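Observations on chain architecture
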Amino acid sequence: MERIICVGINIPTSERAVELAEKYPNIYASAGIHPNDCAEAEIPDNWEKILSDMLAHPKVVAVGETGLDYYWDDAPPSKQKKFLQAHLDLAQSFDLPVVIHNRDADQDVLTQLISHPHAKGVMHCWSAPWEIARPLIEKGFHISFTGSVTFKKNLLVQEVARQMPLDRLLLETDSPFLTPTPYRNIKPNEPKYIPVIAEFIANLRGITVDDLAQATTRNADILFQL
Ligand SMILES: [Zn+2]
């Protein structure tokens, strides 16, 4: 692992990610408002302007997290969809990729991303079956796996990791949870466990860890223009 993209989930954490990116040469940032955070009282009316100022920063390489989350009841779907649309439009105007969060919202996420003319980016913490992955890959999206791919019962996700094109595959931490097997009970999850995920997916695909690592680094370089 050579470089890290630190992901914001609201305005304060996005600002914190930018601060880290300014301090460390090998850290980059993303800025966005997570679907679970979009109904918070502290989101100011001018949040798009605030995000835009951050997105103009040379070390901010993505917009997000954004997306849809129907697992938690933190924000109504209509509001989440509005925020997702606004993030997709911001990403288009800054020519940046989006980091998409999807939890229990497969069909709605798919519909909204496919219908946006210029949506590109990464489906983070992939959790859906192949029939959802395929159209997103055709649209140009990358798919990113966390430690959850290593969990024994996660066969649908493993199937996607096995058969998707290698040049769209990414790895991520997604702290504090989802530490890969056999470290599953350790919290917080940390970037140091990424090689464990790499080894698992390399085994699934029948390739060497080196080949997988080279591919995922190159994929991130291209997608985020590092
Ligand atoms: Zn997420």
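Residues numbered from 1 in each chain as written. Predicted model: local features only at pLDDT ≥ 70, side-chain atom pairs only at ≥ 80, totals over all residues.

We now examine the nonpolar core. Ile143 and Ile197 are the most contacted members of the largest nonpolar core, which totals 62 residues. Taken together, domain 1 (1–91) and domain 2 (120–226) each give at least three residues to this core, which thus spans both. Ignoring anything within four residues of it in the chain, the contact list for Ile143 reads Met123, Trp126, Ala133, Ile137, Val160, Met164, Arg168, Leu169 and Leu170. (Core = buried A, V, L, I, M, F, W, Y, C linked by C-beta atoms within 7 Å. Buried ≥ 20, exposed ≤ 12 C-beta atoms within 10 Å, placed from the backbone. Domains from an automatic or database assignment. Contact = placed C-beta atoms within 7 Å.)

This part covers the packing of helix α6 (residues 155–163) against helix α7 (residues 194–205). Relative to each other, α6 and α7 sit at 70°, their axes nearing to 8 Å. It follows that α6 is roughly perpendicular to α7 by the angle criterion. Contact residues: Gln158, Ala161 and Arg162 in α6; Ile201, Leu204 and Arg205 in α7. Taken together, the residues that form the contact of α6 with α7 break down as three nonpolar, one polar and two charged. (Axes fitted to C-alpha atoms, helices over the stretch in contact; angles between N-to-C directions. Helix = DSSP H or I, 4+ residues; strand = E, 2+ residues; numbered from the N terminus. Parallel < 35°, antiparallel > 145°, perpendicular 65-115°, else oblique. Nonpolar A, V, L, I, M, F, W, Y, C, P; charged D, E, K, R; others polar.)

This brings us to the packing of helix α4 (residues 106–115) against helix α5 (residues 130–139). Each pair of packed helices gets described by two things: the angle between the helix axes and the distance between those axes. At their nearest, the axes of α4 and α5 sit 11 Å apart, and the two run at 15° to each other. Judged by the inter-axis angle, α4 sits roughly parallel to α5. Crossing of α4 against α5: the hand is left-handed. Judged by residue contacts, Asp106, Leu110, Leu113 and Ile114 of α4 engage Ile132, Pro135, Leu136 and Lys139 from α5. Across the contact of α4 with α5, the residue classes tally to six nonpolar, no polar and two charged. (Left-handed = near helix turned anticlockwise from the far one by under 90°.)

The next point concerns the pairing of strand β3 (residues 60–69). Within β3, 10 of the 10 residues are buried, which leaves the element mostly enclosed by the surrounding structure. Two elements, strand β2 (residues 27–31) and β3, share three bridges in a ladder whose sense is parallel. What sits directly across from Ser30, in β3, is Ala62. Two strands pair when backbone bridges link them, and β3 and strand β4 (residues 98–103) are joined in this way by five bridges, in the parallel orientation. (Pairing = 2+ DSSP bridges.)

All right, on to the sheet that holds β3 then. Here we have seven strands laid out as an open sheet, ordered β1-β2-β3-β4-β5-β6-β7, and parallel in their pairing. If you trace the sheet from one side to the other, it starts and ends with β1 (4–7) and β7 (169–171), each paired once. Neighbouring strand axes in the sheet, compared pairwise and without regard to direction, differ in orientation by 30° on average. Pairing of β1 with β2 involves four bridges; the strand directions are parallel. For Ile5, the partnering residue across the bridge sits in β2 and is Tyr28. Sheet strands touched by helix α1 (residues 11–23): β1, β2 and β3. Its angle to β2, the strand with the most contacts, is close to 160°.

As a further point, take the domain arrangement of the protein. Segmenting the protein into domains produces domain 1 (1–91) and domain 2 (120–226). A straight line from the C-alpha centre of domain 1 to that of domain 2 covers 21 Å. Every element with two or more residues in the side of domain 1 that touches domain 2 is listed here: β1 and β3. Considering only residue class, the side of domain 1 that touches domain 2 consists of seven nonpolar, no polar and three charged.

Moving on, we come to the pairing of strand β6 (residues 142–145). Covered by surrounding structure in β6 are His142 and Ser144 together with Ile143 and Phe145, the residues of both alternating faces. Relative to β6, strand β5 (residues 121–123) is paired through two bridges, and the arrangement is parallel. Bridging from a neighbouring strand, Val122 pairs with His142 of β6. With α5 bridging β5 and the parallel β6, this β-α-β connection has right-handed handedness. Here β6 runs beside β7; their pairing, made up of three bridges, is parallel. Its bridge partner being in β7, Ser144 is matched across the sheet by Leu170. Regarding topology, α6 serves as the crossover connection from β6 to the parallel β7, and that connection is right-handed. (Right-handed = clockwise from strand over helix to strand, strands pointing away.)

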